Amino acid sequence: MSDRRVVVLLAGGVGRRAGAGGPKQLVTVGGHTLLEHTIAAVERWAALDEILVVMEAAHLDAARCIAARHSRVTAVIPGGAERADSSRLAVEHLAARLPGRTRVLLHDAARPYVTPAVLARADAALDRADAAVTAVPSVDTVIEVEAAPAGGGSGAGPSAGEAGAGDGRRIAAGTVDTDAAPAGQEPGRRLVGVPPRERMWLVQTPQAFRLDTIVAAHRIIARDVAFTPTDDGSVVRRALPDVPVAVVLGDPANTKVTRPEDLRVARRRLAG
Ligand SMILES: Nc1ccn([C@@H]2O[C@H](COP(=O)(O)OP(=O)(O)OP(=O)(O)O)[C@@H](O)[C@H]2O)c(=O)n1
Ligand SMILES: C[C@](O)(CO)[C@H](O)COP(=O)(O)O
């Protein structure tokens, strides 16, 4: 019998950056909520067995109402405070009833443009690895930045390619939020490093794992309070350094709805 394939849709965020006044996954775009668009996109993958939805706790009823129209959604469970908490709750929920060999694809509900081809590529990677992420090569040069010293200091920072000052004030990946400051009032930042572009890929979801691997990894990092992962591949990398995390080609079109402009684009891309 072939392995069961479960897609976990992570919809446990509150959507602060999208500025929609509530979780963006419940915003209606082209006649359907973003969550429904993502469920429908995942349902187009022929190999799918089931979908588990993780929803922000205050909006469980709305998600369950949506799920009732999709027979392959088997449960809607509450998420946690951080994305990694939502992932951990999801995989623990699955581990309570499914074998360790189950193929689990964790996917952002905020990525409604996912295609069957990308889901299939992530899934196929599990034939040769226990963990795999989808990613695309960066077409832009990636820079590392830190907050500029008070007074705007343009002082000489480390040269291109160096790791940076490491003074603890570096802006962590994922926390640089240009929406945080009104236009024209950008906080001062300076360039401290330019990693070689050919090594820079932008990680996306779906990310695919054997259930026993991702459960073990999340149990380990749940005790690692110094670690604040922004995706599940990095959870495996940190918790189980001997487990290779395969990288398979994602899709530049599989973007994440994060900011208000992404919702405007979604209205065009997901129209009728
Ligand atoms: N505690 C959390 C936080 C996020 N997510 C989900 O993970 C994906 C990426 O999260 P993000 O884009 O950060 O969404 P929000 O947390 O809603 O955004 P914000 O940080 O702007 O509040 C989304 O599908 C989101 O719903 C989750 O399941 N549980
Ligand atoms: C998992 C992810 O989509 C990979 O790019 C991303 O890290 C999610 O970030 P978010 O801040 O939870 O949207």
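Read on for an overview of the structure. On a predicted model such as this, the values are computed, not experimentally measured, just so you know.

## With respect to the site of ligand 2
As a structural note, the neighbourhood of ligand 2 is formed by R17, R83, D108, R111, V203, T205, T230, D231 and K256. In this structure, an oxygen atom belonging to ligand 2 sits 3.0 Å away from a side-chain N or O atom of R17. In this structure, R111 approaches ligand 2 through a side-chain N or O atom, which is 2.8 Å from an oxygen atom. Here ligand 2, which alone exposes 360 Å², has 77% of that area covered by the protein.

## Points about the sheet that holds strand β10 (residues 201–210)
Strand pairing within a sheet occurs via backbone hydrogen bonds; the two strands may be parallel or antiparallel. The strand order across the open sheet built from 7 strands is β5-β4-β1-β6-β10-β7-β11, with neighbouring strands paired in mixed fashion. Across the chains shown, the open sheet's two edge strands, defined by having one partner strand only, are β5 (73–78) and β11 (246–249). Across the sheet, the mean angle from the axis of one strand to that of its neighbour is 25°, orientation sign disregarded. Where strand β7 (residues 131–137) and β11 come together, 4 bridges link them in parallel fashion. Paired with A135 across the bridge in β11 is L249. Along the sheet face, helix α5 (residues 211–221) touches β6 (103–108) and β10 and points at about 110° away from the line of β10.

## Quick word on the packing of aromatic side chains
In this description, a pair of aromatic rings is defined by centroid distance and the angle of the planes. For the structure on display, the rule yields 0 aromatic pairs. Sitting above the plane of the Y113 ring, R269 keeps its charged end 3.4 Å from the centroid.

## Here's the deal with unusual backbone geometry
In this chain, T205 is followed by P206 through a cis amide linkage whose omega measures 15°. Examined against the element boundaries, P206 turns out to sit in strand β10.

## Considering the site of ligand 1
Neighbouring residues of ligand 1: 19 residues in total, closest L10, G15, R16, R17 and K24. Side-chain polar atom of K24 to an oxygen atom of ligand 1: 2.6 Å apart, as the coordinates give it. Between ligand 1 and R83 there is a distance of 3.4 Å, counted from a nitrogen atom to a backbone nitrogen or oxygen. For ligand 1, the accessible surface in isolation is 560 Å², of which the surrounding protein chains cover 90%. The residue makeup of the shell around ligand 1, split by class, is 6 nonpolar, 6 polar and 7 charged.

Rules and cut-offs
- Numbering of residues starts from 1 in each chain and follows the order in which that chain's sequence is written.
- All chains are assigned letters beginning with A, and all ligands numbers beginning with 1, in the order in which they are written.
- pLDDT decides what is reported in this predicted model: residues at 70 or higher carry local features, side-chain atom pairs at 80 or more are listed and counted, and totals for whole chains, interfaces and linings draw on all residues regardless.
- As a rule here, side-chain values come from all non-hydrogen atoms in the structure, and water together with hydrogens is ignored.
- We define proximity as follows: a residue is near a molecule or strand when any one of its heavy atoms falls within 4 Å of that partner.
- Counted as a polar contact is a pair of N or O atoms within 3.5 Å, where, for protein atoms, one must be capable of donating a hydrogen and the other of accepting one, and residues adjacent in sequence contribute only when both atoms are in side chains.
- Accessible surface area values rest on a Shrake-Rupley calculation with a 1.4 Å probe, where residue burial reflects the displayed protein chains alone.
- Here the rule is simple: two strands pair whenever DSSP picks up at least two bridges between them.
- Every helix listed is a DSSP run of H or I at least four residues long, and every strand listed is a run of E at least two residues long, numbered separately from the N terminus.
- Note on geometry: axes are lines fitted to C-alpha atoms, helical ones only across the stretch in contact, with angles between N-to-C directions running from 0 to 180 degrees.
- Two residues qualify as a contact provided that any one of their heavy atoms is within 4.5 Å of a heavy atom in the partner residue.
- Here is the rule: rings of Phe, Tyr and Trp (six-membered ring for Trp) pair when centre to centre is within 6.5 Å. Planes less than 30 degrees apart are stacked, more than 60 are edge-to-face, and the remainder are tilted.
- Cation placement over rings: the criterion is NZ of Lys or CZ of Arg within 6 Å of the ring centroid and within 35° of the ring normal.
- Any residue that is not Ala, Val, Leu, Ile, Met, Phe, Trp, Tyr, Cys, Pro, Asp, Glu, Lys or Arg is counted as polar, Gly included; the first ten are nonpolar and the last four charged.

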